[in-house]
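Below are the chains, spelled out letter by letter.
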There are 2 protein chains.
Amino acid sequence: MVNISTNPDGRPIATSGPVLVIGSGLLGASAALALRAAHIDVYLDDTSPTSLALARDLGAGIPLGKESLQPSLVIVAVPPDVTAQCVIRALENYPTAVVTDVASVKKLVIEEVLDSGIDAGRYVSSHPMAGRERSGAAAADRDLFIGRPWVVIPHPHSNDEARLRVRELAIDMGAFVAELDAQEHDEAVALISHVPQLVSSLLAARLHDASDDALALVGQGLRDTTRIAASDPRLWTSIVSGNCGPVVSVLRKFKDDLDTLIAGLQSGASRGFGAEGSVGAINAVIDSGNDGVARIPGKHGGAPRRWGIVEVLVPDKPGELGRLFSELGAIGINIEDLTLDHSAHQKVGSARLMVDPTRAREAEIELEARGWRIVSH
Amino acid sequence: MVNISTNPDGRPIATSGPVLVIGSGLLGASAALALRAAHIDVYLDDTSPTSLALARDLGAGIPLGKESLQPSLVIVAVPPDVTAQCVIRALENYPTAVVTDVASVKKLVIEEVLDSGIDAGRYVSSHPMAGRERSGAAAADRDLFIGRPWVVIPHPHSNDEARLRVRELAIDMGAFVAELDAQEHDEAVALISHVPQLVSSLLAARLHDASDDALALVGQGLRDTTRIAASDPRLWTSIVSGNCGPVVSVLRKFKDDLDTLIAGLQSGASRGFGAEGSVGAINAVIDSGNDGVARIPGKHGGAPRRWGIVEVLVPDKPGELGRLFSELGAIGINIEDLTLDHSAHQKVGSARLMVDPTRAREAEIELEARGWRIVSH
């Protein structure tokens with residue numbers, strides 16, 4: 001572990017302490033660890049003494065005692081359904097502190113704070129879009145936010161200083177800032193996060209009916225589409241239940257398309273290949289899927305970009321991937337992304353390397369010269 | 001390129017020539033290339049002279065001329081909707097040959113062959129479960145079938161010799177054999193392949209409505225669930241239209257679950273966090289998704305197995321992944337699978353390495369000693 005007093009981009013840390021982190025789960029403890037690594041005084045509060053002690057033992061900060069603390073910043077990192085009450089108490093108890101929260105749904109939370117009638121100028125909500133399959137302080141990681149979006153969501157009465165302080169916090173954690181209003185945020189996460197989670201779970205649920213013979217044939221497509229179906233039910237129930245409106249609105253459109261598809265397929269079920277209704281319905285679905293997936297931006301937030309793909313067969317034994325990657329390093333070619341394709345009983349894997357398209361051919365030639373078997377594209 | 005006269009498992013090739021491959025698309029040309037590499041005489045036929053010439057130029061075999069050929073094996077690799085007619089003609093034209101086809105739907109094809117009244121004892125249908133995003137001979141690859149399932153589907157009148165020859169073909173191609181009847185096959189692929197494709201496309205289609213702000217927040221979950229939405233509409237339309245019955249049957253159950261979810265969420269939309277109907281409905285979906293995804297077998301077709309996960313931060317520059325993998329190789333640890341997690345504006349990637357769970361801790365210690373930053377789990 002290296003102590004840093006600059007953020008991961010090398011900029012000096014702007015956040016100053018003391019900082020009070022309320023809630024010592026994954027997000028709270030991760031932020032606390034990152035602040036501690038920058039030598040900022042961090043105090044912790046949690047309704048669970050056990051969680052609090054665990055976060056303290058991990059080095060995330062000092063449990064809040066009876067002493068009178070005047071933090072300059074309060075980070076509320078508790079479940080979405082209790083976030084607003086926690087924010088209101090923080091604004092009351094710490095009359096000079098900027099207050100933010102990190103809940104993953106925003107409209108309900110901010111409305112509840114504003115409806116309480118409290119002067120909420122020092123409050124700016126936010127949502128670091130980072131997470132992992134495990135939760136709790138034990139899963140905390142001071143690098144959790146590096147390179148991730150951190151959405152800052154001011155409300156109409158937020159003051160400029162508070163807004164600046166929360167933006168600085170996000171940058172200090174290594175995240176990049178996006179600013180949205182609460183409605184935009186909730187609609188965005190419904191579409192890109194909550195609905196994909198639910199659809200993946202609904203798809204995986206169908207495997208209850210699968211025979212062992214069918215499961216033995218599973219390939220990479222099903223594995224990819226159902227990976228996030230392994231996520232934590234308790235966490236996702238709390239997230240989605242706080243964003244029902246936007247989620248239902250996306251799911252209804254999904255269901256309309258599904259109904260149209262089913263109707264088309266039913267017309268084909270009794271008529272065999274090429275029945276008129278079925279062909280049109282299937283083609284429309286796959287076609288619009290093509291268009292939709294093409295809208296996902298490439299890495300580094302730029303416009304969609306096609307990487308050159310170099311596909312290499314890799315024997316399934318220690319060191320082979322290492323040799324492949326170090327030889328690519330020697331050639332001077334950066335791997336932008338990669339997928340490994342295995343299937344049952346396979347003794348050779350296929351590594352699909354995404355590289356600068358202007359250098360893909362060179363990579364193939366150089367690797368082939370070094371004895372790798374290239375799968376031509 | 002190395003010539004082989006053993007299959008990829010090191011066994012001698014059992015298939016003997018001459019082999020006639022009808023259809024020079026991805027599957028036909030790939031099988032032909034693999035047979036040619038084993039020094040087997042391969043003849044090619046295709047309704048398109050251009051496709052045929054391309055396959056010939058790629059070294060896949062000799063275009064069928066006017067001479068009288070008596071192949072010992074005919075592989076029909078044409079689109080599903082014309083497969084049965086092609087099989088019937090092959091049985092008529094080559095009275096001593098074993099005939100198989102590689103179409104990805106089976107019941108309609110086999111029924112059409114048997115309904116024609118022809119003596120079909122020499123016919124055993126099959127389905128190599130291999131493919132790629134691109135189609136046509138230009139995308140062909142003699143290694144396409146290595147480690148993939150190749151489903152063999154005899155009908156009640158198939159003779160033993162034909163069944164054996166088709167099983168041998170699959171093994172010679174490096175595939176492993178699964179034997180199912182046509183109904184079982186079509187239901188299995190509906191569940192594990194056709195429905196996941198359609199659901200992924202339906203999900204990706206929702207991105208039409210996404211703002212650029214929302215798209216900038218996209219993470220790995222949406223990328224994984226929509227990767228196969230980039231697949232070829234023409235190919236998938238022909239596949240799914242030949243399997244409407246089983247696909248509709250799975251989609252209807254999916255839709256029932258979706259309807260229940262939407263009804264639950266609607267009860268929550270106006271009532272905020274924790275509304276009774278919404279919480280139960282969301283939890284049920286995520287929970288059954290957990291159970292379903294747990295049924296997917298691990299690598300090598302064994303029982304589901306948890307890999308140890310080692311997560312390492314990797315700077316985004318040439319050679320770093322190479323250094324990581326070659327150091328793992330030096331430690332003697334095999335990488336069973338891995339994911340790279342990038343997001344917009346990220347200067348550091350996170351590599352999640354799946355390794356033997358008994359060696360995960362050792363890998364972390366050794367890598368940390370070599371200066372890597374480990375993300376603790």
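Below is a short write-up of the structure. Computed from a prediction, not measured in an experiment: that's the story for all the values here.

So, the interface of chain B and chain A
Here is step 1: Contact residues are listed per partner, giving 143 residues for chain B and 143 residues for chain A.
Here is step 2: Buried surface at the junction of chain B and chain A, both sides included, amounts to about 12700 Å², of which 66% is carbon and sulfur.
Here is step 3: Area buried by chain B at its contact with chain A is led by B:Leu217, B:Phe273 and B:Arg295, which between them contribute 7% of it.
Here is step 4: The tally of links between chain B and chain A comes to twelve salt bridges.
Here is step 5: Put simply, chain B and chain A have 26 residue pairs in polar contact (both at pLDDT 80 or more) between them.
Here is step 6: Among the residues making up the side of chain B that touches chain A, the classes are represented as 66 nonpolar, 41 polar and 36 charged.

A look at the nonpolar core
Here is step 1: Judged by nonpolar contacts, the single largest core of 135 residues is most densely connected at A:Leu251 and B:Leu251.
Here is step 2: Contacts of B:Leu251, omitting those with residues within four sequence positions, involve A:Leu258, A:Leu261, A:Ile262, A:Leu265, B:Val195, B:Leu198 and B:Val199.

Section: helix H6 (residues 182-205) of chain B
All names here are of chain B.
Here is step 1: The terminal C-alpha atoms of H6, which comprises 24 residues, lie 32 Å apart, in line with the 34 Å expected from a rise of 1.5 Å per residue.
Here is step 2: Maximal helix bending in H6 amounts to about 45 degrees, located at Ala 190.
Here is step 3: Of all 24 residues that make up H6, 20 are buried, and the element is covered over most of its length.
Here is step 4: The backbone nitrogen of Gln 183 has a side-chain oxygen 3.1 Å away, supplied by the residue at the start of H6, namely Asp 181.

Quick look at the pairing of strand S7 (residues 149-153) of chain A
Residues in a regular strand point their side chains to alternate faces of the sheet.
Residues and elements named next belong to chain A.
Here is step 1: Burial analysis of S7 places five of its five residues in the buried class, the great majority of the element.
Here is step 2: The side-chain alternation of S7 yields two buried faces, one formed by Pro 149, Val 151 and Ile 153 and the other by Trp 150 and Val 152.
Here is step 3: Note that strand S6 (residues 125-128) and S7 share four bridges and pair antiparallel. From the neighbouring strand, Ser 125 faces S7, where its bridge partner is Ile 153.
Here is step 4: Alignment of S7 against strand S8 (residues 176-179), held across four bridges, turns out to be parallel. Bridge assignment links Val 151 to a residue of S8, and that residue is Ala 178.

Focus on the sheet that holds S6(A)
All names here are of chain A.
Here is step 1: Across the sheet, which stays open at both edges, the three strands sit in the order S6-S7-S8 with mixed pairing between neighbours. With partners counted over all chains shown, the strands left at the sheet margins are S6 and S8, one partner each. Geometrically, the sheet is characterised by an average inter-axis angle of 25 degrees between neighbouring strands, direction not taken into account.

Description of helix H1 (residues 26-37) of chain A
Residues and elements named next belong to chain A.
Here is step 1: In this model, H1 (twelve residues) spans 16 Å end to end at C-alpha, consistent with the 16 Å of a helix rising 1.5 Å per residue.
Here is step 2: Counting buried residues along H1, ten of its twelve residues qualify, which places the element largely inside the surrounding structure.
Here is step 3: Residues Leu 26, Gly 28, Ala 29, Ser 30, Ala 31, Ala 32, Leu 33, Ala 34, Leu 35 and Ala 37 constitute the buried set of H1.
Here is step 4: Residues of H1 that are buried in the fold lie against strand S1 (19-22), strand S2 (42-45), strand S4 (73-76) and helix H5 (160-172).
Here is step 5: Positive phi shows up at His 39, right after H1, with a value of about 65 degrees.

Brief notes about the pattern of salt bridges
Here is step 1: The tally for this structure, following the rule as stated, stands at 39 salt bridges over all chains.
Here is step 2: For the salt bridge of A:Asp257 with B:Arg206, the shortest nitrogen-to-oxygen distance reads 3.0 Å. Here A:Asp257, found in helix H10 (residues 244-269), pairs with B:Arg206, found in the loop between H6 and helix H7 (212-215), and the two come from separate chains.
Here is step 3: Taking the relative accessible area as the measure of exposure, A:Asp257 reaches 27% and is therefore partly exposed.

Remarks on the relation of the copies chain B and chain A
Here is step 1: With an RMSD of 0.1 Å, the fit of chain B onto chain A corresponds to turning through 180 degrees and sliding 0.0 Å along the axis. The superposition of one copy onto the other is thereby described by a two-fold rotation axis. The C-alpha atom lying nearest the rotation axis in chain B is that of B:Thr225; the distance is 2.0 Å.
Here is step 2: Here 100% of the interface residues in chain B have copies in chain A that are interface residues too; the copies meet face to matching face.

Some words on the side chain of B:Asp101
Residue and element names in this part refer to chain B.
Here is step 1: Looking at the secondary structure, you find Asp 101 in strand S5 (residues 98-101).
Here is step 2: At a separation of 2.7 Å, a polar atom in the side chain of Asp 101 contacts the side chain of Lys 106.
Here is step 3: The residues contacting Asp 101, other than those within four sequence positions of it, are Val 76, Thr 83, Val 87, Lys 106, Val 109, Tyr 123, Val 124, Ser 125 and Ser 126.

Some points on the environment of A:Ile335
Here is step 1: Mapped onto the elements, A:Ile335 comes out in the loop between helix H12 (320-331) and strand S10 (337-341).
Here is step 2: Spatially, the C-alpha atoms of A:Ile335 and A:Arg56 are 39 Å apart, while their sequence positions differ by 279 residues.
Here is step 3: Setting aside residues no more than four positions away along its own chain, A:Ile335 makes contact with A:Phe325, A:Leu328, A:Met354 and B:Leu321.

With respect to the packing of helix H11 (residues 276-293) of chain A against helix H9 (residues 233-241) of chain B
Here is step 1: Following both chains from N to C, one finds H11(A) and H9(B) inclined at 140 degrees, their axes separated by 9 Å at the closest point. As far as their axial angle goes, H9(B) and H11(A) are oblique. Relative to H9(B), H11(A) is oriented so that their crossing is right-handed. Together, A:Ser278, A:Val279, A:Ile282, A:Asn283, A:Ile286, A:Asp287 and A:Asn290 of H11(A) and B:Pro233, B:Arg234, B:Trp236, B:Thr237, B:Val240 and B:Ser241 of H9(B) make up the contact between the two elements.
Here is step 2: Tallied by class, residues from the contact of H11(A) with H9(B) come to six nonpolar, five polar and two charged.

Focus on the environment of B:Arg373
Here is step 1: Along the chain, B:Arg373 falls in strand S12 (residues 373-375).
Here is step 2: Among the residues examined, B:Arg373 registers a relative accessible area of 29% and is labelled partly exposed.
Here is step 3: Sequence separation between B:Arg373 and B:Val312 is 61 residues, and the spatial gap between their C-alpha atoms is 5.9 Å.
Here is step 4: Leave out the neighbours within four places in its chain, and B:Arg373 touches A:Arg142, A:Asp143, B:Glu311, B:Val312 and B:Leu313.

Considering the packing of H12(A) against helix H12 (residues 320-331) of chain B
Here is step 1: Packing of H12(A) against H12(B) brings their axes to within 7 Å, and their N-to-C directions diverge by 150 degrees. Put simply, H12(A) runs roughly antiparallel to H12(B). The interaxial crossing formed by H12(A) with H12(B) has left-handed handedness. In contact with A:Leu321, A:Gly322, A:Phe325 and A:Ser326 of H12(A), H12(B) contributes B:Leu321, B:Gly322, B:Phe325 and B:Ser326.
Here is step 2: By residue class, the composition of the contact of H12(A) with H12(B) is four nonpolar, four polar and no charged.

Cut-offs used in this document
Residues numbered from 1 in each chain as written. Chains lettered and ligands numbered in written order. Predicted model: local features only at pLDDT ≥ 70, side-chain atom pairs only at ≥ 80, totals over all residues. Heavy atoms only, no water. Contact = heavy atoms within 4.5 Å. Buried area = accessible area lost by both parts, 1.4 Å probe. Salt bridge = Lys/Arg side-chain N within 4 Å of Asp/Glu carboxyl O. Polar contact = N/O pair within 3.5 Å; in protein donor to acceptor, adjacent residues only side chain to side chain. Nonpolar A, V, L, I, M, F, W, Y, C, P; charged D, E, K, R; others polar. Core = buried A, V, L, I, M, F, W, Y, C linked by side-chain atoms within 4.5 Å. Buried < 20%, exposed > 50% of the residue type's maximum accessible area, 1.4 Å probe, protein only. Helix = DSSP H or I, 4+ residues; strand = E, 2+ residues; numbered from the N terminus. Expected span 1.5 Å × (residues − 1). Bend = angle between axes of the 7 residues up to and from the residue. Pairing = 2+ DSSP bridges. Axes fitted to C-alpha atoms, helices over the stretch in contact; angles between N-to-C directions. Least-squares fit on C-alpha atoms with pLDDT ≥ 70 in both. Parallel < 35°, antiparallel > 145°, perpendicular 65-115°, else oblique. Left-handed = near helix turned anticlockwise from the far one by under 90°.

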